[in-house]
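If you want the building blocks of each chain, they are given just below.
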Amino acid sequence: MTNEGINFNMADLGDALNEEARAGLVNALKNKLQNLAGQHALDSLSPIVRKRVEVLREIQGQHDELEGKFFEERAALEAKYQKLYQPLYAKRYDIVNGVVEPEGIPNEAAMDQGEDKAVEEKGVPDFWLTAMKNNEVLSDEITERDEGALKYLKDIKWYRIEEPKGFKLEFYFDTNPYFKSTVLTKTYHMIDEDEPILEKAIGTEIEWYPGKCLTQKLLKKKPKKGSKNAKPITKTEDCESFFNFFNPPQVPDDDEDIDEDTAEELQNQMEQDYDIGSTIRDKIIPHAVSWFTGEAIQGDELEIEDEDEDDDDDEDEDDDEEEDEEDEDEDDEEETKTKKKSLAAQKKSGRAQGDGQQGERPPECKQQ
């Protein structure tokens with residue numbers, strides 16, 4: 001089956017439909033293509049097998065109905081516990097930012113560090129910066145230049161959104177010399193939240209103070225010798241920064257043809273962007289103190305080690321199979337050598353017979 005006859009002008013559709021309708025269209029097209037693919041698979045089967053598969057599809061439909069109820073109940077359960085978590089997150093915020101002091105802490109701090117230092121050091125300095133840097137996914141995004149701004153990060157929250165489906169991250173900053181906004185947001189719109197399928201992401205446009213933009217760097221180039229303009233040439237260039245997270249990759253709405261390489265690169269960028277957002281939502285926010293202390297790193301490493309051990313087991317099995325094959329090859333070689341010696345002895349004594357064993361098959365080549 002080919003899709004040569006299926007042509008869609010997404011620009012025209014985009015003008016005629018709002019975002020919700022467009023998401024519905026994407027879902028409908030997805031289901032239509034799945035049904036066409038399923039019908040194509042059935043056409044290749046014999047009639048009796050096709051009837052059996054049709055019954056299996058009915059069973060699958062019943063399963064999908066139950067699964068849909070499971071997703072509904074899970075969403076309700078998650079919403080319930082999100083509300084229960086909020087008082088705990090509020091207490092964490094107060095301690096991290098020095099709003100309140102846990103009972104008994106001031107006296108102990110004064111005894112250990114001296115009165116002045118205990119008053120100076122409020123809360124837990126660099127709490128969120130340290131927690132994020134200890135996560136492998138996020139540490140790759142944070143540059144040294146970013147750290148100065150991320151020291152002002154006071155809290156991170158997330159909320160589920162219903163229309164359209166998705167979730168929203170909120171980053172709360174103290175007043176700082178880098179940008180004007182004290183709250184930066186990142187919103188993910190999902191076509192299918194349970195799979196999940198990302199439709200698009202929207203980030204805050206950061207208002208940087210002059211000369212403080214972390215997503216661009218200023219390059220100065222000396223003028224050529226003999227040039228009339230003696231002033232250095234300056235230009236800005238995009239650079240790596242965690243704050244690029246708030247300027248996510250966008251899928252073009254017009255009808256420009258996107259080549260395969262560009263489409264693949266865009267898909268990888270969107271997957272990476274979603275990976276960062278879901279890591280902050282699912283790991284950093286609920287377990288921030290474990291990431292701050294480094295305890296969560298060990299848990300992640302154990303998961304990675306388990307995966308590596310599975311890979312090692314597969315490699316060991318492959319090695320064992322290769323060794324067994326090599327042993328079999330060596331046995332074949334020894335058997336052949338023995339037969340050759342026997343034949344030589346028979347010829348020497350005049351007892352060799354033409355029983356079809358001349359020209360023995362050589363041993364199998366040892367597999368590399």
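Whatever comes next refers back to the structure up there.
Criteria and thresholds
- Residues numbered from 1 in each chain as written.
- Predicted model: local features only at pLDDT ≥ 70, side-chain atom pairs only at ≥ 80, totals over all residues.
- Heavy atoms only, no water.
- Helix = DSSP H or I, 4+ residues; strand = E, 2+ residues; numbered from the N terminus.
- Buried < 20%, exposed > 50% of the residue type's maximum accessible area, 1.4 Å probe, protein only.
- Contact = heavy atoms within 4.5 Å.
- Areas by Shrake-Rupley, 256 points an atom, 1.4 Å probe, with all protein chains shown as cover.
- Patch = residues over 30% accessible without salt bridge, like charges linked within 9 Å, V, L, I, M, F, W, Y side chains within 5 Å.
- Salt bridge = Lys/Arg side-chain N within 4 Å of Asp/Glu carboxyl O.
- Phe/Tyr/Trp six-rings, centres within 6.5 Å; stacked < 30°, edge-to-face > 60°.
- 1 Å grid on protein atoms, 1.4 Å probe; cavity = no way out; pocket = protein on both sides within 12 Å on 5 of 7 lines; lining within 4 Å.
- Points joined across faces, edges and corners; volume = space filled by probe spheres on them.
- Nonpolar A, V, L, I, M, F, W, Y, C, P; charged D, E, K, R; others polar.
- Lys, Arg positive; Asp, Glu negative; His and termini not counted.
- Charge placed at Lys NZ, Arg CZ, Asp CG, Glu CD.
- Pairing = 2+ DSSP bridges.
- Expected span 1.5 Å × (residues − 1).
- Core = buried A, V, L, I, M, F, W, Y, C linked by side-chain atoms within 4.5 Å.

Q: I'd like to hear about the overall build of the protein chain, residue by residue, with values.
A: Along the backbone of the protein chain there are eleven helices and six strands. Out of the 368 residues belonging to the protein chain, those deemed buried represent 22%. Pairs at least 24 residues apart make up 57% of the contacts formed inside the protein chain by residues separated by at least 6 positions. Of the roughly 26,600 Å² of accessible surface on the protein chain, a fraction of 48% belongs to carbon and sulfur atoms.

Q: Describe a nonpolar patch on the surface, listing the residues and the values that go with them.
A: A contiguous nonpolar patch, built from Leu-77, Tyr-81, Leu-84, Tyr-85 and Leu-88 and spanning about 490 Å² of accessible area, is present on the exposed surface. Here Leu-77 lies in helix H3 (residues 47–96).

Q: Describe in detail the packing of aromatic side chains, supporting the description with residues and values.
A: Scanning the model with the defined rule gives 22 aromatic pairs in all. Ring geometry for Phe-173 and Phe-243: centres 6.3 Å apart, planes at 40°, overall tilted. On the criterion of sequence distance, the pair formed by Phe-173 in strand E2 (residues 166–173) and Phe-243 in the loop between strand E6 (233–238) and helix H9 (260–284) is long-range, its members being 70 residues apart. Judged by its relative accessible area of 3%, Phe-173 falls in the buried class. Site record: aromatic cluster; members linked through ring pairs are Phe-171, Phe-173, Phe-179, Trp-208, Phe-242, Phe-243, Phe-245 and Phe-246.

Q: Let's hear about empty space enclosed by the protein: which residues, and what values?
A: In the structure shown here, the tally under the stated rule is one cavity of 30 Å³ or more. As for the largest cavity, its lining consists of Gln-82, Gln-86, Tyr-89, Arg-92, Asp-155, Ile-156, Lys-157, Trp-158, Tyr-159 and Ile-285. Elements supplying a minimum of two residues to the lining of the largest cavity: H3 and strand E1 (153–161). At five residues, the largest contribution of residues to the lining of the largest cavity is made by E1. Classifying every residue of the lining of the largest cavity gives five nonpolar, two polar and three charged.

Q: Talk me through the environment of Thr-182; I want residue IDs and the actual numbers.
A: As for its position among the elements, Thr-182 is in the loop between E2 and strand E3 (183–192). A residue is classified by how much of its surface remains accessible, and Thr-182, at 37% relative accessible area, is partly exposed. It is 9.0 Å that separates the C-alpha atoms of Thr-182 and Leu-153, two residues lying 29 residues apart in sequence. Contact partners of Thr-182, with chain neighbours within four places excluded, come to Phe-171, Tyr-172 and Phe-173.

Q: Explain a negative patch on the surface to me, using residue names and the numbers behind them.
A: A surface patch of negative charge is lined by Asp-259, Glu-260, Asp-261, Glu-264 and Glu-265. You can call Asp-259 partly exposed: its relative accessible area is 44%.

Q: Describe the pairing of E1, naming the residues involved and giving the relevant values.
A: Taken together, the eight bridges between E1 and E2 define a ladder with antiparallel strand orientation. Bridging across to E2, Tyr-159 finds its partner in Lys-168. Once E1 ends, the chain turns through four residues before running back antiparallel as E2.

Q: How would you explain H9 if you had to name every residue and give the values?
A: Its 25 residues give H9 an end-to-end C-alpha distance of 35 Å, which sits within 8% of 36 Å, the value for a rise of 1.5 Å per residue. Turning to H9, its buried residues are Leu-266, Met-270, Asp-273, Tyr-274, Ile-276, Gly-277, Ser-278, Thr-279, Ile-280, Arg-281 and Ile-284.

Q: Summarise the environment of Pro-102; cite the residues concerned and give the values.
A: For Pro-102, the position within the fold is in the loop between H3 and helix H4 (105–113). Taking the C-alpha atoms as reference points, Pro-102 and Gly-123, 21 residues apart in sequence, are found 10.0 Å from one another.

Q: Report on the pattern of salt bridges, specifying residues and quantitative values.
A: Oppositely charged side chains are able to pair whenever their charged atoms sit close together. What the rule picks out here adds up to eight salt bridges. Here Lys-151 ties to Asp-126 by a salt bridge, and the two come within 3.1 Å at their closest N and O atoms. Residue Lys-151 is found in the loop between helix H8 (144–150) and E1, and its partner Asp-126 is found in the loop between helix H5 (115–120) and helix H6 (127–133); the two are separated by 25 residues along the sequence. Residue class for Asp-126 comes out partly exposed when judged on its relative accessible area of 27%. Lys-186 is the partner of Asp-273 in a salt bridge, and the nearest nitrogen-oxygen pair spans 2.7 Å. Here Lys-186 lies in strand E3 and Asp-273 lies in helix H9, a separation of 87 residues in the sequence. For the pair shown, Asp-273 and Lys-186 are each scored as buried.

Q: An account of the nonpolar core is needed here, citing residue identities and associated values.
A: With 43 residues, the main nonpolar core has Phe-171 and Phe-243 as its most contacted residues. Sort the elements by how many residues they give to this core and H9 lands first, with six residues.

So yeah, pure geometry; function would need other evidence.
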